[in-house]
Number of protein chains: 2
Amino acid sequence: MLDQIRIVMIHTTHPGNIGAVARAMKNMGLVDLCLVSPKRFPDEEADARASGATDLLSSARVVSSLDEALEGCHLVVGTSARGRHIPWPVINPRQMAAVACELRPGKRMAILFGREDRGLTNEELHRCHHHVHIPTNPDFSSLNVAAAVQVVAYELRMALMEQQAGDQPQWGTDWDIDLADARETELLFGHLEKTLVDVEFLDPNNPRQLMTRLRRLFLRAVPDRVEVNVLRGFLSAIDRVVVRAAPDREVAEKSSEALDAAQKESGNV
Amino acid sequence: MLDQIRIVMIHTTHPGNIGAVARAMKNMGLVDLCLVSPKRFPDEEADARASGATDLLSSARVVSSLDEALEGCHLVVGTSARGRHIPWPVINPRQMAAVACELRPGKRMAILFGREDRGLTNEELHRCHHHVHIPTNPDFSSLNVAAAVQVVAYELRMALMEQQAGDQPQWGTDWDIDLADARETELLFGHLEKTLVDVEFLDPNNPRQLMTRLRRLFLRAVPDRVEVNVLRGFLSAIDRVVVRAAPDREVAEKSSEALDAAQKESGNV
């Protein structure tokens, strides 16, 4: 979809903005840049602000009329602040990106960006099927042109990614370690409770809400396997200190047996 | 909600970026900017790129540590490219904006932006509840810091506007003129059909799909009242020419009567 989008900059004054647009486009995966009568281009300042997207500047097409810029495009949208004399169908960048997702193969969409000081003329806006309005603070609504391209390009990429993600399940992915399953988590809580008793922080005859609070904390974080193992390793280390500190040999041996059993259960701690 | 968001820029090198951030923030309605040890600030270049958002630069707080920057914040998110050694919960700017919408009064969220060349350090990222990743072209993923702030600030404003719009009906608004109702549209089609017959473009004995195609075109555009009146005015003008051109007086009179009736029906044409 991104290769069906053409960014058209009209009468841009500052070459730095052209460079920043090239960078924003390449960041988001757009490739087709067309410049209608830029004031200064090519230009060192454009190269500097492009910051590695100079390939996009080299392949940019420079033309002298909007007609040439729109060649081969079927859908034309123009970025605009609100409040023109005759209102046009106005969409926001997200709605525009949704339209872009519907483009069939071979159909191209041009997105027009106007001059730094005055935007698009009414004549240019009347060439458009839709106007795109980026929501802004009404008291300070004039976006930098590269910032506007950045927002529009970002929405296009977001839409593409959502399209690709489709109905794929998202829960429990995007992590390097597998999530712990319920059995592993319960073994952790069992071990934790025993250690809390051994260090005499939890009174089994008056447990109050201590385990409930700890369960809520750890379950809320949805721990992964390594995290569970780290915690059980920590508990085992505490258990060993408990054994060493036990004045009563019998208690120490009992704790030691329980520790061995717990470690067998949890596998590699 | 926007006044509960603090933008924190850490060790920014180029004052131009600070200015561009101030502009992007003010464009989107954000007000709270905090700079941790900026290399050059205040600076003329920052003022120039702020382009009228110098009030935001004046009110920006300059501090020397992240601790100071995060004072009074409850939720901390850091912008980051993917692929850190230990992955953190990663959300995109839209999900981040959804979280921001849930902030209760008195709770503040800080959004951290790192150095131009290296972003946030691991230590800084480990201060964060979430990492925010702006989806990018994997082959060219380093966004300009002001462009990143622009995207994040845009999503916050979009979320605010959606929250405000709530479940309000959206169809048929946002236009200066009322939409034509079904009766007005049908009068237009009746008038159109008659005129098409009069100018001998439509053969009543062999109408084919002409009216169907014209209905589809105009209905797809969902015309407003003024547009319907303009079209009927145009048809009436054609009707008058038909009357003048009629070689047969009887036909002319018949047409004229029909025209009067049509105009009476449509009101002010």
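See above for the structure.
In this text the structure is predicted, and so the values were computed from the model without any measurement.

Undergrad: Residue-level account of the pattern of salt bridges, with values.
TA: Under the counting rule described, the total for this entry stands at 32 salt bridges over all chains. One salt bridge in this structure joins Asp32 of chain A and Arg6 of chain A, with 3.0 Å as the shortest N-O distance. One end of the pair, Asp32 of chain A, is in strand β2 (residues 32–36); the other, Arg6 of chain A, is in strand β1 (residues 5–10), and 26 residues separate them in sequence. Between Arg94 of chain B and Glu162 of chain A there is a salt bridge, and its shortest N-O distance comes to 3.2 Å. Of this pair, Arg94 of chain B sits in helix α5 (residues 93–101) while Glu162 of chain A sits in helix α7 (residues 145–165), placing the two residues on different chains. Several salt bridges share partner residues, and in doing so they unite Arg94, Glu155 and Glu162 of chain A together with Arg94, Glu155 and Glu162 of chain B into one network.

Undergrad: Any chance you could break down the interface of chain A and chain B for me, citing the residues and the numbers?
TA: Contact with chain A, which involves 40 residues of that partner, is made by 40 residues of chain B. Of the roughly 3200 Å² buried where chain A meets chain B, counting both sides, 57% is carbon and sulfur surface. Looking only at chain A, the three residues that lose the most surface to chain B are Arg94, Phe140 and Tyr154 of chain A, adding up to 21% of its buried area. When the shortest N-O distance is used, the salt bridge between Glu155 of chain B and Arg94 of chain A registers 2.7 Å. Going through the elements one at a time, α1 (15–28), α2 (44–50), α5 (93–101) and α7 of chain A are the ones with two or more residues in the side of chain A that touches chain B. Ranked by residue count, the leading element in the side of chain A that touches chain B is α7 of chain A, at nine residues. Each residue belonging to the side of chain A that touches chain B can be placed in one class, and the counts come to 18 nonpolar, twelve polar and ten charged.

Undergrad: Got a sec to walk through the packing of aromatic side chains? Specific residues and values, please.
TA: All told, the structure shown has zero aromatic pairs over all chains when counted by the stated rule. A cation over an aromatic ring shows up here: Lys26 of chain A above the ring of Phe140 of chain B, its NZ or CZ 4.6 Å from the ring centre.

Undergrad: Tell me about the environment of Ser64 of chain A, and name the residues and values.
TA: Residue and element names in this part refer to chain A. Residue position: Ser64 is located in the loop between β3 (61–63) and α4 (66–69). The exposure class assigned to Ser64 is exposed, which follows from its relative accessible area of 56%. On a C-alpha basis, the gap between Ser64 and Val36 in space is 5.3 Å, while along the polypeptide they are 28 residues apart. In this view, Ser64 contacts Val36 and Ser37; residues no more than four positions away in its chain are not counted. Among the polar contacts made by the side chain of Ser64, one reaches the side chain of Glu68 at a distance of 3.0 Å.

Undergrad: Which residues make up the pairing of strand β4 (residues 75–79) of chain A, and what values do they have?
TA: All names here are of chain A. Most of β4 sits out of view: five of its five residues are buried. Burial along β4 is two-sided: the residues Leu75, Val77 and Thr79 and Val76 and Gly78 are all buried. In this structure, β4 lies alongside strand β6 (residues 109–113), joined through four bridges in parallel fashion. Each residue of the ladder has a partner; that of Leu75, found in β6, is Met109.

Undergrad: Any chance you could break down the sheet that holds strand β2 (residues 32–36) of chain B for me, citing the residues and the numbers?
TA: All names here are of chain B. Pairing within the open sheet is parallel, and its seven strands lie in the order β3-β2-β1-β6-β4-β7-β5. Bordering the open sheet on either side are β3 (61–63) and β5 (90–91), each of which pairs with just one other strand. Relative to β3, β2 runs parallel, the two being bridged by three bridges. Paired with Cys34 across the strands is Arg61, a residue of β3.

Undergrad: Outline the relation of the copies chain A and chain B, supporting the account with residue identities and numerical values.
TA: Each copy of the chain is related to the other by a rotation around an axis and a translation along that axis. For the pair chain A and chain B, the relating rotation is 180 degrees, the translation along its axis is 0.0 Å, and the fit reaches an RMSD of 0.1 Å. Read as a symmetry element, the transformation amounts to a two-fold axis. Interface residue correspondence from chain A to chain B reaches 100%, placing this contact among same-surface, isologous pairings.

Quick notes on the rules
Residues numbered from 1 in each chain as written. Chains lettered and ligands numbered in written order. Predicted model: local features only at pLDDT ≥ 70, side-chain atom pairs only at ≥ 80, totals over all residues. Heavy atoms only, no water. Salt bridge = Lys/Arg side-chain N within 4 Å of Asp/Glu carboxyl O. Helix = DSSP H or I, 4+ residues; strand = E, 2+ residues; numbered from the N terminus. Contact = heavy atoms within 4.5 Å. Buried area = accessible area lost by both parts, 1.4 Å probe. Nonpolar A, V, L, I, M, F, W, Y, C, P; charged D, E, K, R; others polar. Phe/Tyr/Trp six-rings, centres within 6.5 Å; stacked < 30°, edge-to-face > 60°. Lys NZ or Arg CZ within 6 Å of the ring centre and 35° of its normal. Buried < 20%, exposed > 50% of the residue type's maximum accessible area, 1.4 Å probe, protein only. Polar contact = N/O pair within 3.5 Å; in protein donor to acceptor, adjacent residues only side chain to side chain. Pairing = 2+ DSSP bridges. Least-squares fit on C-alpha atoms with pLDDT ≥ 70 in both.

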